[in-house]
Amino acid sequence: MTAKLILSLNGVILDEYPLDKERVTIGRKPTNDIAIDNLAVSGEHAVVITLLNDSFLEDLESTNGVIVNGFEVKKHYLIHNDLIEIGRHTLLYVNDQQKPLADVDKTVLVRHTPKNNVVEADKKAPRERSAPSSLPHADKDSTEANSHLSTQTQHTAAHPVATIQILTGPNTGKELELTKSLTTLGKPGVQVAVLTRRPHGFYITHVEGKKFPLINGLPIKDQPHVLQDHDVIELAGIKMEFYLK
């Protein structure tokens, strides 16, 4: 069964939306996939990116923010029965085919204190996001958190062995063998992409950040980009090489 979002207001179900494509946008403008006609909702409020059987929710710098299970989030890996609050509406994430989260990268989830006040989006300027540092710090406590490499979901062995090697930054030389279905790359709050194994190759997709990742010096678009042997990826100020063994 395809994962879906169930839209409700004051406990009354309004509609259901299957997550049957990679990008599903949420906002007040009618051009969104999930259009919510309420001034508490920004024109382009949030997006859900679905890759294989996994979905990621991202706040698009909205005025009132996005709350999941009572906590404001910027980027969140969705789990079956997560309750999303956007303005005065709620969206229930339903995915009963989702596998256990034994190997999920916890760093992709950013939680803040709960928000109590909702303002009309047209009456308040969008909040400014603090400027991220160009490179991650390499102190003892943050080296692993900023390693730019994490893996999730279960092992698959249908493809040739592929590897990501860090070329710049404090983790230069570190390698990660891509033996999982889904790998997150980057630094939450700065720039994040996901790398997926598919039957016909490896793809990289932009998830978070104002700028798109660079492949061999050129920015990718908002659609999945197929990776070739020895492609150089530049993400969150770090260069890394994708290659097949």
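Everything that follows concerns the structure shown earlier in this document.
Residues numbered from 1 in each chain as written. Predicted model: local features only at pLDDT ≥ 70, side-chain atom pairs only at ≥ 80, totals over all residues. Heavy atoms only, no water.

Student: Before we go on, may I ask you to explain the overall build of the chain in this structure?
Tutor: In terms of regular secondary structure, the chain is built from zero helices and 22 strands. Here the chain holds 245 residues, and 46% of them are scored as buried. Within the structure as shown, the chain displays about 12,200 Å² of accessible surface, and the carbon and sulfur contribution to it stands at 53%. (Helix = DSSP H or I, 4+ residues; strand = E, 2+ residues; numbered from the N terminus. Buried < 20%, exposed > 50% of the residue type's maximum accessible area, 1.4 Å probe, protein only. Areas by Shrake-Rupley, 256 points an atom, 1.4 Å probe, with all protein chains shown as cover.)

Student: Would you mind showing me how to read the side chain of S42 here?
Tutor: For S42, the location among the structural elements is in the loop between strand 4 (34-35) and strand 5 (46-51). For S42, a relative accessible area of 9% translates into the label buried. At a separation of 3.0 Å, a polar atom in the side chain of S42 contacts the main-chain amide nitrogen of T63. (Polar contact = N/O pair within 3.5 Å; in protein donor to acceptor, adjacent residues only side chain to side chain.)

Student: Teacher, can you tell me more about the nonpolar core here?
Tutor: Inside soluble globular proteins, nonpolar side chains tend to come together where they are buried. Residues L5, I26, L57, V66, I84 and I86 are the most contacted members of the largest nonpolar core, which totals 21 residues. Listed by contribution, the elements that provide at least two residues to this core are strand 1 (4-9), strand 3 (23-27), strand 5, strand 7 (66-68), strand 10 (83-86) and strand 11 (89-94). If near-sequence neighbours (up to four positions away) are discounted, L57 is found in contact with A46, V47, V48, V66, V68, V73, K74, K75, H76, L78 and I84. Counting 18 residues, the second-largest nonpolar core is a separate cluster that includes I164, L178, L195 and L235. (Core = buried A, V, L, I, M, F, W, Y, C linked by side-chain atoms within 4.5 Å. Contact = heavy atoms within 4.5 Å.)

Student: Please explain the sheet that holds strand 9 (residues 75-77) as it appears in this structure.
Tutor: For sheets, the rule is that strands pair by backbone hydrogen bonds, running either parallel or antiparallel. Taking strand neighbours across the sheet as the criterion, the five strands line up as 4-3-5-6-9 in an open arrangement whose pairing is mixed. Lying at the two open borders of the sheet, with one neighbouring strand each, are strand 4 and strand 9. Across four bridges, the pairing between strand 3 and strand 5 is antiparallel. Paired with I26 across the strands is A46, a residue of strand 5. (Pairing = 2+ DSSP bridges.)

Student: Where do I start with the sheet that holds strand 11 in this structure?
Tutor: The six strands are arranged 2-1-11-10-7-8 in an open sheet whose pairing can be described as antiparallel. With partners counted over all chains shown, the strands left at the sheet margins are strand 2 (12-18) and strand 8 (71-73), one partner each. Averaged over all adjacent pairs, the angle separating strand axes in this sheet is 30°, with direction ignored. Pairing analysis gives two bridges linking strand 7 to strand 10, with the strands arranged antiparallel. Opposite V68, over in strand 10, you have I84 as the bridge partner. (Axes fitted to C-alpha atoms, helices over the stretch in contact; angles between N-to-C directions.)

Student: How should I be thinking about unusual backbone geometry in this particular structure?
Tutor: Most peptide bonds are trans, and most residues other than glycine sit at a negative phi. Positioned with a positive phi, N69 is a non-glycine residue whose angle comes to about 55°. Looking at where N69 falls in the secondary structure, it is placed in the loop between strand 7 and strand 8. Phi is positive for N216, close to 55°, though the residue is something other than glycine. Judged by relative accessible area, which is 46%, N216 ranks as partly exposed.

Student: So what exactly am I meant to see when it comes to the pairing of strand 16 (residues 191-198) here?
Tutor: Working note: regular strand, side chains alternate between the two faces of the sheet. Among the eight residues in strand 16, eight count as buried, and that is most of the element. Of the strand pairs in this sheet, strand 15 (residues 180-187) and strand 16 are connected by six bridges, and their pairing is antiparallel. Bridge pairing in strand 16 places T184 opposite V194. Relative to strand 17 (residues 201-208), strand 16 runs antiparallel, the two sharing seven bridges. Each residue of the ladder has a partner; that of A193, found in strand 17, is H206.

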